[in-house]
Every structure is written in C-alpha cells, then in structure tokens.
Amino acid sequence: MRKMTVFVVVSVFNEAPVLRGVIEELLSLYPHVVVVDDGSTDESLKTVEGLPIFTLRHLVNRGQGAALQTGIAFAMEKGAALLVTFDGDGQHDPRDIEKLLTPIRSGEAEVSLGSRFLEKGSRLPLFRRLLLQGGILFTRLSTGLPITDTHNGLRAFSREAASKINFTMDRMAHASELFEILQKEKLRYREVPVTIRYTSYSLHKGQSTWDLFRILGSLLERSFLK
Amino acid sequence: MIFQILVISYAVLTILNAVFRRQKFQITFWFFASLVLSHLGIIVITLFPNVTYPIAHFFGIGRGADFVLYTAVIIILRILFYLYSQNRRLEQQLTHIVRHLALTEKEGNHSKRS
C-alpha cells in the first residue's frame, strides 16, 4: 500500500512552557508537523527553533478556528494525504493519532473525531463534565449528529475531507461549525476514544471553566448565524 | 427642568462636536446629517414633549414619551445588529489578510524546515 503522508497541524497560543516537549513527542512519531502560532505574545515559537517543523505565524491573534484553517491550507499545499489537528498545550497523546487514522486509512471514514467520553474513567471534574455535556446536548439537538464530545481538538481528515473544510468561525465556534460541514458535505465520520491528559498546566491553560461558558456561548452564536 | 437642561446641553454639545470635528474624524455626510437631525429632534421633543402625542395616539400608545422610548429601543437594536454584522465582516476580512500573510511569507520559517 502506498504510504500516505500525514501532516499534523498544531495551533498554538502562548504555550511556551510546554510547546517544545509537545512537538518533540509528536516528531518522534510523525515527521511532518505544522505549528501555527496564533499571535502568541510569549516566546512560543522561539522554544521550537531548531526542530524540523514548519512554522507559520498569525501576526495577530485570530482564534483557534482561524489558526487551524491556516494550518490545513498549508498542509494541503504541501501535499498532505492525511491531516491531523492537535492541541499545543500537551493535553493530547500523540499515540492516539494512529487510532484516529486507522478508519480513514481503511476507507471506513473520511473524518475521525477524538472523544474523551467514549471510554469510562476520564478524570474530568464534575462541573466541567456537566458543562461539556450541555454543549454536547445542544450540538445533538441543533445538528442531529450523535456526537459524544463536541470540543475535542484531536481530529483527523482525509485530504478530500480537508479540502471541504473552510472554517468561517474563527474562535471556539469552529468546533460546532465542523459538525455542520460534516452534515452538509455528507462526510463519513467516526468517533474514536482518546485520552486527555489533565495536567495542572492543561487545566490551567486549556479549557478553563470560563472557556466552557464561552463554548456554550459560541454554540448559541453559531446557531444564530446559521 | 434639570433633566431638560441636561438633555438639551448634551444634544447641543454633540451637534457642535460633530460640526467642528467632522473633518478630523472623517465623518460621512449621511452619518453627520443623521447625527445632527436626530439631536435636533431630541431638542425639539425635550422642549415641546406634546409634539409626539398625535403620533403616539395614532399608533395607539398613550403617552408621547412612551412612543419616543419604544422607537428609540427599536432603532438602537437595529443599529446594534448592523454594527455586529459589520464587525463580523471586518473580522473575517482581517482573518483572510492574516492568513494570507502567514501563508505567503516566503522569507519566513515555514518555507524551509528550520
């Protein structure tokens, strides 16, 4: 079977303390890593200097959706056959990527979505879990898709599926926009269980409880703008 | 009486501000005209509140002040929606520019493996 080039797109906003470790771990498994610095005000990009990666920089912060779209466009231009989106704060495990790619390689799906809720035992704080479940319920009601994790940044796309992705929602709302694209473009998707590393850094830097309220707000905004 | 003095002073100052600083802030003619006319309207209504009564009565609203309030709320909400839409459009344009710069920055790190 022809080897398919995998590009991993990492959106980064002020991740200087952990970024190098995250990228080095990714590079040990996947050689084509695209880091999109979304207007960081710390030295995030400097920390990965010297690593064999592609780096792109947004001059001003435009949000995760915008950064991912930039990275996807770049990876497509470079001839990616498979694309993975990965968070830069270290909460994802690179070993989960292969699990996401398997259904795409086999032709079973065109898009793989990581889900932290497919396997029991995730160490998610109760309040956060309830908020996320609220978002999931809202997404299910508004899109009709039986999604179990709406805001998980670990995803994989076939080249053809990625060519149909065009996020117009720059910030958090891109996650719910993705489900609308899946539906509109009739893309076959699979949810795959993945592990989220709830380190003190990712809990602090990643999705704070306030961010989860913003996610719910973005879901409402997205449904209003549809 | 105090309320009337305050509102009229505010309206007069706003009109004068618009007249003298039109050039500096590059205000368009239509925005300038709307601003002056709406504030002249505020002055007239504040001085002669009864002028709104016939219109309010026509729409089945008891008091002229209520009519002014309802109309103001509708206009403000409309303006907010318009500004929100404009802001969304500008944000999307900004993202396109930022993305274009990121992707075409030929001398940047991304065109070669660092």
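Fair warning: this is a prediction, and the values are worked out from it, not measured in the lab.

Rules and cut-offs
- Residues numbered from 1 in each chain as written.
- Chains lettered and ligands numbered in written order.
- Predicted model: local features only at pLDDT ≥ 70, side-chain atom pairs only at ≥ 80, totals over all residues.
- Helix = DSSP H or I, 4+ residues; strand = E, 2+ residues; numbered from the N terminus.
- Buried ≥ 20, exposed ≤ 12 C-beta atoms within 10 Å, placed from the backbone.
- Contact = placed C-beta atoms within 7 Å.
- Rg over C-alpha atoms; globule rule 2.2 N^0.38 Å.
- Nonpolar A, V, L, I, M, F, W, Y, C, P; charged D, E, K, R; others polar.
- Pairing = 2+ DSSP bridges.
- Core = buried A, V, L, I, M, F, W, Y, C linked by C-beta atoms within 7 Å.
- Axes fitted to C-alpha atoms, helices over the stretch in contact; angles between N-to-C directions.
- Domains from an automatic or database assignment.
- pLDDT = per-residue confidence, 0-100.
- Parallel < 35°, antiparallel > 145°, perpendicular 65-115°, else oblique.
- Left-handed = near helix turned anticlockwise from the far one by under 90°.

Visitor: Talk me through the overall build of chain A; I want residue IDs and the actual numbers.
Guide: Summing up its helical and strand segments, chain A has 9 helices and 7 strands in all. Going through the 226 residues of chain A one by one, you find that 47% of them count as buried. Long-range pairs, those at least 24 residues apart, make up 77% of the contacts in chain A between residues at least 6 apart in sequence.

Visitor: Describe the overall build of chain B, naming the residues involved and giving the relevant values.
Guide: In terms of regular secondary structure, chain B is built from 4 helices and 0 strands. The order of α-helices and β-strands along chain B, N terminus first, is α-α-α-α. What you see for chain B is a C-alpha radius of gyration of 23 Å, clearly larger than the 13 Å of a compact globule of 114 residues, by over 25%. If one aligns the C-alpha atoms of chain B with their principal axes, the spans along those axes are about 75 × 35 × 25 Å. Put simply, chain B has 114 residues, and 8% of those count as buried. Intrachain contacts of chain B at a sequence separation of at least 6 include 29% that bridge at least 24 residues.

Visitor: Give a description of the interface of chain B and chain A that names residues and reports values.
Guide: Taken together, the 13 residues of chain B in the interface contact 20 residues of chain A. Within the side of chain B that touches chain A, the residues separate by chemical class into 4 nonpolar, 6 polar and 3 charged.

Visitor: Hey, could you go over the pairing of strand β6 (residues 155-158) of chain A for me, with residue numbers and the actual values?
Guide: Residue and element names in this part refer to chain A. Residues of β6 alternate between two faces, with R155 and F157 on one and A156 and S158 on the opposite face, all of them buried. Judged from the 4 bridges that link them, strand β4 (residues 82-87) and β6 form a sheet pairing that is antiparallel. The partner of L82 across the bridge, within β6, is S158. Note: strand β5 (residues 111-115) against β6, 3 bridges, orientation antiparallel. From the neighbouring strand, S112 faces β6, where its bridge partner is A156.

Visitor: Before we move on, can you summarise unusual backbone geometry with the specific residues and values?
Guide: Leave glycine aside and you will find that most residues have negative phi; peptide bonds, for their part, are mostly trans. Residues and elements named next belong to chain A. With a phi close to 55 degrees, N14 is a non-glycine residue in the positive phi region. For N14, the position within the fold is in the loop between β1 (6-12) and α1 (19-27). Here K186, not a glycine, exhibits a phi torsion of approximately 50 degrees, which is positive. Along the chain, K186 falls in the loop between α7 (174-184) and β7 (189-193). We classify K186 as exposed; it has 8 C-beta atoms within 10 Å.

Visitor: So what about the environment of A:T5? Which residues, and what values?
Guide: Residue and element names in this part refer to chain A. Among the structural elements, T5 can be located in the segment before β1. Taking the C-beta count within 10 Å as the criterion, T5 has 16 such neighbours and is therefore assigned partly exposed. Sequence-wise, T5 and P31 are 26 residues apart; in three dimensions their C-alpha atoms are separated by 9.2 Å.

Visitor: So, the nonpolar core: which residues are in play, and what are the values?
Guide: All names here are of chain A. Counting residues in hydrophobic clusters, the biggest one holds 58 residues, and the most contacted among them are V8, V9, V10, V34, V35, L83 and V84. Per-element tally for this core: the top contributor is helix α3 (residues 64-77), with 7 residues. Residues within four places of V8 in sequence aside, it is in contact with L26, Y30, H32, V33, V34, V84 and F86.

Visitor: Describe the sheet that holds β5(A), naming the residues involved and giving the relevant values.
Guide: Residue and element names in this part refer to chain A. Taking strand neighbours across the sheet as the criterion, the 7 strands line up as β3-β2-β1-β4-β6-β5-β7 in an open arrangement whose pairing is mixed. Looking along the sheet, the strands with just one partner apiece sit at the ends: β3 (54-58) and β7. Strand-to-strand, the axes of this sheet are offset by a mean angle of 20 degrees, without reference to chain direction.

Visitor: Go over the domain arrangement of chain B with me, naming the residues and quoting the values.
Guide: Here the domain parsing of chain B yields domain 1 (1-47) and domain 2 (64-106). Between the C-alpha centres of domain 1 of chain B and domain 2 of chain B there is a distance of 23 Å.

Visitor: How would you sum up the pairing of β4(A)? Please name residues and give values.
Guide: Residue and element names in this part refer to chain A. Counting buried positions along β4 yields 6 of 6 residues, so the element is predominantly enclosed. Residues L82, V84 and F86 point to one face of β4 and L83, T85 and D87 to the other, with burial holding for every one of them. Across 6 bridges, the pairing between β1 and β4 is parallel. When the sheet's bridge partners are listed, S11 is paired in β4 with D87.

Visitor: Describe in detail the confidence of the model for chain A, supporting the description with residues and values.
Guide: The share of residues in chain A with pLDDT of 70 or more is 87%, and the mean pLDDT across the chain is 88. Model confidence for chain A, summarised as mean pLDDT per element, is weakest for helix α9 (residues 209-225) of chain A at 67 and strongest for β6(A) at 98.

Visitor: Lay out the packing of α3(A) against helix α4 (residues 64-104) of chain B in plain terms, naming residues and giving numbers.
Guide: It is at 10 Å that the axes of α3(A) and α4(B) come closest, and there the two elements cross at 40 degrees. Judged by the inter-axis angle, α3(A) sits oblique to α4(B). By crossing handedness, the relation of α3(A) to α4(B) is classed as right-handed. Residues A:A66, A:Q69, A:T70, A:A73 and A:F74 of α3(A) touch α4(B), and the partners they reach there are B:T95, B:R99, B:A102 and B:L103. Classifying every residue of the contact of α3(A) with α4(B) gives 5 nonpolar, 3 polar and 1 charged.

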